[in-house]
Amino acid sequence: PEFTLFTQPKDICKLPKQETFTVAVEGNIGCGKSTFLEYFKSSNNVEVRSEPVDLWKNVGGWNSLELMYKDAKRWSLAFQSYVQLTMLQQHHKPQVKPVKMLERSVFSARFCFVENLYRSGCMPAVDHAILEEWYQWILANQTVQLDLIVYLRADPCTCYERLKKRNRQEETGVPLDYLEALHQLHEDWLIHQRLFKVPGHVVVLDANKNLVELQKEMEEKRQEILCGYF
Ligand code: DCP
């Protein structure tokens, strides 16, 4: 098959060596992507590109993330089109170090978030169709290739607890079933590989672990995740 699912990180060493390497860190809201990326910031060979949530919270003075959560039917097209633009900008920033590590990608925006909004009836079909046109244009005309996806796989209940704990103001009304639906879409995309083609190889880490355990696992797998660039 063109794309292979690697569940053992050591298998990544089978990937051909390249000049540069692009990793996207994916997983449900609250699974621990920021913590994971924080850990890799200390590496000399890694450029970490955190998700531009601050931009989403202040676009021309508007908090588009808050608007989307308050009234998804009205604002999810505006919000997701801005997410798509800012994610594309993240993919495109000039790369200096050999490894580029992105928090999410244009792919999870499309396969998980936009898909979820549409399927749950929060995004009208015409809005979905417009975003799809943009997405297809990006695929055809822009370089958004990923070499590796690190999937931080966590139980939706664990994510829900973490969400409540961190208490991000915009997310106060996010219910457990929203996280369950997003979890299922991540699973369909990255584990079962249904519907959409996976744009790179996938490493799955158990993100239910507490911070100490997860850091231990990251330390053990550091070289493998960085494909030799450590
Ligand atoms: N979001 C969205 N649509 C997207 C991307 C993100 O609605 N295409 C929302 C979900 C969250 C917020 O933006 O409310 C931030 O999402 P992430 O899950 O990407 O980032 P976190 O900071 O929650 O990640 P983690 O807790 O794993 O560090």
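Provided above is the structure to which this section pertains.
Each residue is numbered by its place in its chain's sequence as written, counting from 1. The predicted nature of this model means local features are confined to residues of pLDDT at least 70 and side-chain atom pairs, given and counted, to a pLDDT of 80 or more, with totals for whole chains, interfaces and linings taken over all residues. The basis for the side-chain values is all heavy atoms of the structure; hydrogens and waters are excluded.

**Q** What is the right way to read the pairing of strand E5 (residues 201-206) from this model?
**A** Put simply, side chains in a regular strand alternate between the two faces of the sheet. Buried, partly exposed and exposed residues are distinguished by accessible area as a fraction of the type maximum, computed with a 1.4 Å probe on protein chains only: under 20%, between the cut-offs, and over 50%, respectively. Strands are runs of DSSP state E lasting at least two residues, helices are runs of H or I lasting at least four, and both sets are numbered from the N terminus onward. Most of E5 is tucked away, with five of its six residues classed as buried. One requirement defines pairing of two strands: DSSP has to find at least two bridges between them. In the sheet, strand E4 (residues 148-153) pairs with E5 via six bridges, with the strands oriented parallel. Across the sheet, the residue bridging to isoleucine 149 is valine 202, located in E5.

**Q** Whenever I open this one, the site of the ligand confuses me. Can you help?
**A** A cutoff of 4 Å decides nearness: a residue is near a molecule or strand if any of its heavy atoms lies inside that distance of it. Among the 22 residues in the neighbourhood of the ligand, the closest are listed as Ser34, Glu51, Arg104, Arg166 and Glu171. Note that an oxygen atom of the ligand is positioned 3.2 Å from one of the backbone N or O atoms of glycine 30. Distance and chemistry together define a polar contact, namely a pair of N or O atoms within 3.5 Å, with one atom able to donate a hydrogen and the other to accept it when in protein, and with adjacent residues in sequence counting only for side-chain atoms on both sides. Interatomic distance of 3.0 Å between a side-chain N/O atom of glutamine 80 and a nitrogen atom of the ligand. Computed on the free molecule, the ligand has an accessible area of 580 Å², of which 97% lies beneath the protein chains in the complex. Counting residues per element, the ones that place at least two in the shell around the ligand are helix H1 (33-40), helix H3 (64-70), helix H4 (72-92) and helix H5 (106-119). Residue polarity is assigned by list, with Asp, Glu, Lys and Arg as charged and Ala, Val, Leu, Ile, Met, Phe, Trp, Tyr, Cys and Pro as nonpolar; anything else, Gly included, falls into the polar class. For the shell around the ligand, a count of residues per class yields ten nonpolar, five polar and seven charged. The protein chains shown are the only cover counted for residues, whose accessible areas, like all others here, come from Shrake-Rupley with a 1.4 Å probe.

**Q** I would appreciate a short explanation of the environment of leucine 148 in the present structure.
**A** Here leucine 148 is to be found in strand E4. Residues leucine 148 and proline 199, spaced 51 residues apart in sequence, show a C-alpha to C-alpha distance of 8.1 Å.

**Q** For this particular structure, what's the right way to read the nonpolar core?
**A** A general feature of soluble globular proteins is that nonpolar side chains tend to end up buried together. Residues enter a nonpolar core if they are buried and are Ala, Val, Leu, Ile, Met, Phe, Trp, Tyr or Cys, with the set joined through side-chain atoms within 4.5 Å. Counting 65 residues, the largest nonpolar core has Phe36, Phe40, Met101 and Trp189 as the members making the most contacts within it. No other element matches H5, which puts eight residues into this core. Whether two residues are in contact is decided by their heavy atoms: any pair within 4.5 Å suffices. Leave out the neighbours within four places in its chain, and phenylalanine 40 touches Val46, Val48, Met101, Met218, Arg222, Ile225 and Leu226.

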